[in-house]
Amino acid sequence: MKIDNSKIRHALWSSTSGGYVLLAEDWQDDANAPPLFLGPSQRPFSSLERATPEEFGRLSRYYKKGSFWYFLLRPERYPQVDFTQEKVYLAGDFNGWEEAIGQRPWELRPVKVG
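Novice: Before we go on, may I ask you to explain the overall build of the chain in this structure?
Specialist: Of regular secondary structure, the chain possesses one helix and eight strands. The order of α-helices and β-strands along the chain, N terminus first, is β-β-β-β-α-β-β-β-β. Taking 13 Å as the expected radius of gyration for a compact globule of 114 residues, we find that the chain reaches 18 Å, considerably beyond that expectation. Its C-alpha atoms give the chain principal-axis dimensions of roughly 55 × 30 × 25 Å. A fraction of 21% describes how many contacts in the chain between residues 6 or more apart in sequence connect residues 24 or more apart. Carbon and sulfur atoms make up 51% of the accessible area of the chain, which totals about 9600 Å². Separation of charge centres in the chain, based on 15 positive and 15 negative side chains, amounts to 3 Å.

Novice: Please clarify how the pattern of salt bridges should be interpreted in this entry.
Specialist: Two side chains of opposite charge can pair, provided their charged atoms sit close to one another. Under the criterion given, the structure shown has three salt bridges. The shortest N-O distance in the salt bridge between glutamate 25 and lysine 7 comes to 3.7 Å. Separated by 18 residues along the polypeptide, glutamate 25 in the loop between β2 (19-23) and β3 (37-38) and lysine 7 in the segment before β1 (8-13) bring together distant segments of the chain. Owing to a relative accessible area of 31%, lysine 7 belongs among the partly exposed residues under this scheme. The partner of glutamate 54 in a salt bridge is lysine 65, with the nearest N and O atoms 2.6 Å apart. You can see glutamate 54 sitting in helix α1 (residues 53-60) and its partner lysine 65 sitting in strand β5 (residues 62-65), a full eleven residues away along the chain. When its relative accessible area of 43% is taken as the criterion, lysine 65 is described as partly exposed.

Novice: Any chance you could explain the pairing of β1 here in plain terms?
Specialist: On a regular strand, one side chain projects to one face of the sheet and the next to the other, so that they alternate. Among the six residues in β1, zero count as buried, and that is only a small part of the element. Of the pairings in the sheet, the one linking β1 to β2 comprises five bridges and is antiparallel in character. Across the sheet, residue tryptophan 13 finds its bridge partner in β2, namely glycine 19. The hairpin formed by β1 and β2 contains five residues between the paired strands.

Novice: Would you take a moment to explain a nonpolar patch on the surface for this structure?
Specialist: A contiguous nonpolar patch, built from Val21, Leu38, Phe45 and Leu48 and spanning about 280 Å² of accessible area, is present on the exposed surface. Following the sequence through the fold, leucine 38 ends up in strand β3. Look at leucine 38 and you get partly exposed, because its relative accessible area is 37%.

Novice: I would appreciate a short explanation of the pairing of strand β6 (residues 68-71) in the present structure.
Specialist: Note: β5 against β6, four bridges, orientation antiparallel. Residue lysine 65 lies in a different strand from β6, and its bridge partner there is phenylalanine 68. Linking two consecutive strands that pair antiparallel, namely β5 and β6, is a turn of two residues; a positive phi of about 65° is found at glycine 66 within it.

Basis of the calculations
Residues numbered from 1 in each chain as written. Predicted model: local features only at pLDDT ≥ 70, side-chain atom pairs only at ≥ 80, totals over all residues. Heavy atoms only, no water. Helix = DSSP H or I, 4+ residues; strand = E, 2+ residues; numbered from the N terminus. Rg over C-alpha atoms; globule rule 2.2 N^0.38 Å. Contact = heavy atoms within 4.5 Å. Areas by Shrake-Rupley, 256 points an atom, 1.4 Å probe, with all protein chains shown as cover. Lys, Arg positive; Asp, Glu negative; His and termini not counted. Charge placed at Lys NZ, Arg CZ, Asp CG, Glu CD. Salt bridge = Lys/Arg side-chain N within 4 Å of Asp/Glu carboxyl O. Buried < 20%, exposed > 50% of the residue type's maximum accessible area, 1.4 Å probe, protein only. Pairing = 2+ DSSP bridges. Patch = residues over 30% accessible without salt bridge, like charges linked within 9 Å, V, L, I, M, F, W, Y side chains within 5 Å.

Put into structure tokens, the structure is as follows:
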């Protein structure tokens, strides 16, 4: 997988000795790590491993596992929504935004993850 700086979406520290690099494209090949280096001297990382789908989901609020997509919503961040009474839909330019509302294929259903 060829990756240049324009393919890195975000990078952040998770501790004093580790962190996350969010790529623009999925890292699919376990045998070949993407060519990522630290700083202008291009020092290699001591280790580099792909995050699990759930770990990625904690950072991005969505992930795919098998043939299912999971969208992680924290109800405490949306006090105006009563998730026990109101339906929530996934909408975007891929499904006509408001045209998705009321359409069962785009309805998000609660599940326990992790």
